[in-house]
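In case you want the letters, here they are:
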Amino acid sequence: MPVYGDGMQIRDWLFVEDHARALYKVVTEGKLGETYNIGGHNEKANIEVVKTICALLEELVPTKPEGVDEYQSLITYVKDRPGHDVRYAIDASKIERELGWKPEETFESGIRKTVEWYLNNKEWWTRVLDGSYTRERLGNN
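Quantities reported herein were computed from a predicted structural model and do not represent experimental measurements.

Cut-offs used in this document
- Residues numbered from 1 in each chain as written.
- Predicted model: local features only at pLDDT ≥ 70, side-chain atom pairs only at ≥ 80, totals over all residues.
- Heavy atoms only, no water.
- Helix = DSSP H or I, 4+ residues; strand = E, 2+ residues; numbered from the N terminus.
- Buried < 20%, exposed > 50% of the residue type's maximum accessible area, 1.4 Å probe, protein only.
- Phe/Tyr/Trp six-rings, centres within 6.5 Å; stacked < 30°, edge-to-face > 60°.
- Lys NZ or Arg CZ within 6 Å of the ring centre and 35° of its normal.
- Axes fitted to C-alpha atoms, helices over the stretch in contact; angles between N-to-C directions.
- Parallel < 35°, antiparallel > 145°, perpendicular 65-115°, else oblique.
- Left-handed = near helix turned anticlockwise from the far one by under 90°.
- Contact = heavy atoms within 4.5 Å.
- Nonpolar A, V, L, I, M, F, W, Y, C, P; charged D, E, K, R; others polar.
- UniProt positions renumbered as here; feature names shortened; annotations may be inferred.
- 1 Å grid on protein atoms, 1.4 Å probe; cavity = no way out; pocket = protein on both sides within 12 Å on 5 of 7 lines; lining within 4 Å.
- Points joined across faces, edges and corners; volume = space filled by probe spheres on them.
- Polar contact = N/O pair within 3.5 Å; in protein donor to acceptor, adjacent residues only side chain to side chain.

## Some remarks on the environment of Ala 20
- Relative to the helices and strands, Ala 20 resides in helix H1 (residues 16–29).
- In this structure Ala 20 comes out as partly exposed when scored by relative accessible area, which is 45%.
- Each C-alpha atom of the pair Ala 20 and Leu 56 lies 24 Å from the other, and the pair is 36 residues apart in sequence.

Take a look at the structure:
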């Protein structure tokens, strides 16, 4: 699992279904021409997210691939890309104040649901990785 630099870049994490609910709220109730930032109130360093995923895998998939003692041993630090932002910050107070939207999922519940989805949908992501999903979508079987 490659991690840029030291992994201390901070991002605001939001569960995908919360994001979809926020978009729907903006489209159906937002004021025309207004801008609404959508955020999860979950600022985490990238390495913290990766380690959380590893801990979930320890719990959900205790039988590891051969040669792997613990999932965290799969983390590798790679050269950071030039100009990589250290922090992305979102002020999502307007969408909560004006439209009454806030995330339903915490970081912990959202990341667990995400990891579980990937574990339960291996056929889909394997096809994405091997390119067959894209070829099928483009009609290039």
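The structure having been displayed, the exposition proceeds.
## Brief notes about the packing of aromatic side chains
- This structure, assessed with the given rule, holds four aromatic pairs.
- Measuring from centroid to centroid gives 5.9 Å for Trp 124 and Tyr 133, while their planes differ by 70 degrees, and the two rings are edge-to-face.
- Residue class for Trp 124 comes out partly exposed when judged on its relative accessible area of 31%.
- When its relative accessible area of 25% is taken as the criterion, Tyr 133 is described as partly exposed.
- One aromatic cluster is present, formed by Trp 117, Tyr 118, Trp 124 and Tyr 133 through successive ring pairs.
- The positively charged end of Lys 94 is found above the aromatic ring belonging to Tyr 36, 5.1 Å away from the centroid.

## A few points about the packing of helix H2 (residues 46–60) against helix H4 (residues 107–120)
- Two elements in contact, H2 and H4, have axes whose closest approach is 10 Å; the angle formed by their N-to-C orientations is 60 degrees. The angle between H2 and H4 falls in the class oblique. Our pair here, H2 against H4, has a crossing hand that is right-handed. Across the interface between the two elements, Val 49, Thr 52, Ile 53, Leu 56, Leu 57, Glu 59 and Leu 60 of H2 pack against Phe 107, Ile 111, Arg 112, Val 115, Glu 116 and Leu 119 of H4.
- Residues belonging to the contact of H2 with H4 are distributed by class as follows: nine nonpolar, one polar and three charged.

## Overview of the UniProt feature "domain: NAD(P)-binding" (unreviewed entry) in the protein
- Per the UniProt record, "domain: NAD(P)-binding" (unreviewed entry) is annotated on residues 2–114.
- Helix and strand shares over residues 2–114 are 39% and 11% respectively, and the end C-alpha atoms of the span are 19 Å apart.

## Observations regarding the layout of surface pockets
- Taken as a whole, the largest pocket holds about 400 Å³ of empty space.
- Lining the largest pocket we find 13 residues, and of these Ile 53, Leu 57, Val 115, Tyr 118 and Leu 119 sit closest to its centre.
- Where the lining of the largest pocket is concerned, the elements lending two or more residues are H2 and H4.
- At five residues, the largest contribution of residues to the lining of the largest pocket is made by H4.
- The residue makeup of the lining of the largest pocket, split by class, is 12 nonpolar, one polar and no charged.

## A word on the side chain of Glu 105
- Its location among the elements puts Glu 105 in the loop between helix H3 (93–99) and H4.
- The exposure class assigned to Glu 105 is buried, which follows from its relative accessible area of 15%.
- For Glu 105, the side chain forms a polar contact with the side chain of Ser 109, separated by 2.5 Å.
- At 2.6 Å, the side chain of Glu 105 forms a polar contact with the side chain of Lys 113.
- What Glu 105 contacts, discounting residues up to four positions off in sequence, is Phe 15, Asp 18, Asn 42, Gly 110 and Lys 113.

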